[in-house]
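Chains, contacts and geometry: an overview
Here is how the chains run, residue by residue.
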Amino acid sequence: MLSNPIEKRIKPSDKPISTCSSSGISEEVEVPGALVIAVIKGSPAAKAGILRNDSIVKVDQVDVNTPDDLIAVVRKSKGKSVDVEYIRGGRKESVTVNL
C-alpha cells in the first residue's frame, strides 16, 4: 500500500509517454515532468484544478523531471502553499496548490 496519496496520481516511470493526435495521426511523444494519471477527489491537486494527463514540471521553482522528484518536493512542502507549473494540452500553465 502506498503511504503517500500523490504516489497514486503519477505515472511510475522516468520518461512518461502520452498519446496525442495531430492531423488525424496518432503518435507517441515524450512528456516532460511527472505525468498525472489520476487525481483523487478532494485532494489538494483536485482543489487546485490539476487534471489527469497534466504533466507537472516545476514546484516552487524546483524542476520536476521524474515522479520521484515530485514526491520529494511535495513531502518537503507539506502544510505549505506551493506554485506548480504544469503542461496541459501543450501549453505551460501554473497554479498555487495548498498542501
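Residues numbered from 1 in each chain as written. Predicted model: local features only at pLDDT ≥ 70, side-chain atom pairs only at ≥ 80, totals over all residues. Heavy atoms only, no water.

1. Observations concerning unusual backbone geometry
- At N53, a position not held by glycine, the phi torsion is positive, near 80°.
- Along the chain, N53 turns up in the loop between α1 (44-48) and β4 (55-59).
- Notably, D60 is not glycine yet its phi reads approximately 50°, a positive angle.
- Secondary-structure assignment places D60 in the loop between β4 and β5 (62-63).
- Assessed through its relative accessible area of 35%, D60 is described here as partly exposed. (Helix = DSSP H or I, 4+ residues; strand = E, 2+ residues; numbered from the N terminus. Buried < 20%, exposed > 50% of the residue type's maximum accessible area, 1.4 Å probe, protein only.)

2. So, the pairing of strand β6 (residues 81-88)
- Two strands pair when backbone bridges link them, and β4 and β6 are joined in this way by four bridges, in the antiparallel orientation. The residue of β6 that forms the bridge with K58 is E85.
- Relative to strand β7 (residues 91-98), β6 is paired through eight bridges, and the arrangement is antiparallel. The partner of I87 across the bridge, within β7, is K92.
- Hairpin geometry of β6 and β7 is characterised by an intervening segment of two residues between the two adjacent antiparallel strands and by a positive phi of about 60° at G89. (Pairing = 2+ DSSP bridges.)

3. Quick word on the nonpolar core
- Of all hydrophobic cores here, the largest spans 16 residues; its most connected members are I50, I56, V59, L70, V84, V95 and V97.
- For this core, the secondary-structure elements that each account for two or more residues are α1, β4, α2 (67-76), β6 and β7.
- Not counting residues within four places of it along the chain, the set of residues in contact with V59 comprises V64, L70, V73, V82, D83 and V84. (Core = buried A, V, L, I, M, F, W, Y, C linked by side-chain atoms within 4.5 Å. Contact = heavy atoms within 4.5 Å.)

4. Here's the deal with the environment of R52
- Here R52 is to be found in the loop between α1 and β4.
- For R52, a relative accessible area of 56% corresponds to the exposed category.
- Residues R52 and I37, spaced 15 residues apart in sequence, show a C-alpha to C-alpha distance of 5.1 Å.
- Apart from residues lying up to four places away in sequence, R52 is in contact with V36, I37, A38 and V39.

5. Digging into the pattern of salt bridges
- Summed over the entire model, instances satisfying the criterion amount to two salt bridges.
- With a shortest N-O distance of 3.5 Å, D63 and K58 are connected by a salt bridge. (Salt bridge = Lys/Arg side-chain N within 4 Å of Asp/Glu carboxyl O.)

6. Structural notes on the confidence of the model for the protein chain
- For the protein chain, the average pLDDT comes to 78, and 69% of its residues sit at 70 or higher.
- Taking the mean pLDDT of every element in the protein chain, the minimum, 46, falls on strand β1 (residues 17-22) and the maximum, 95, on β6.
- Predicted confidence for residues 1-21 stays below pLDDT 50, and this span has 61 contacts to residues more than four positions away or in other chains. (pLDDT = per-residue confidence, 0-100.)

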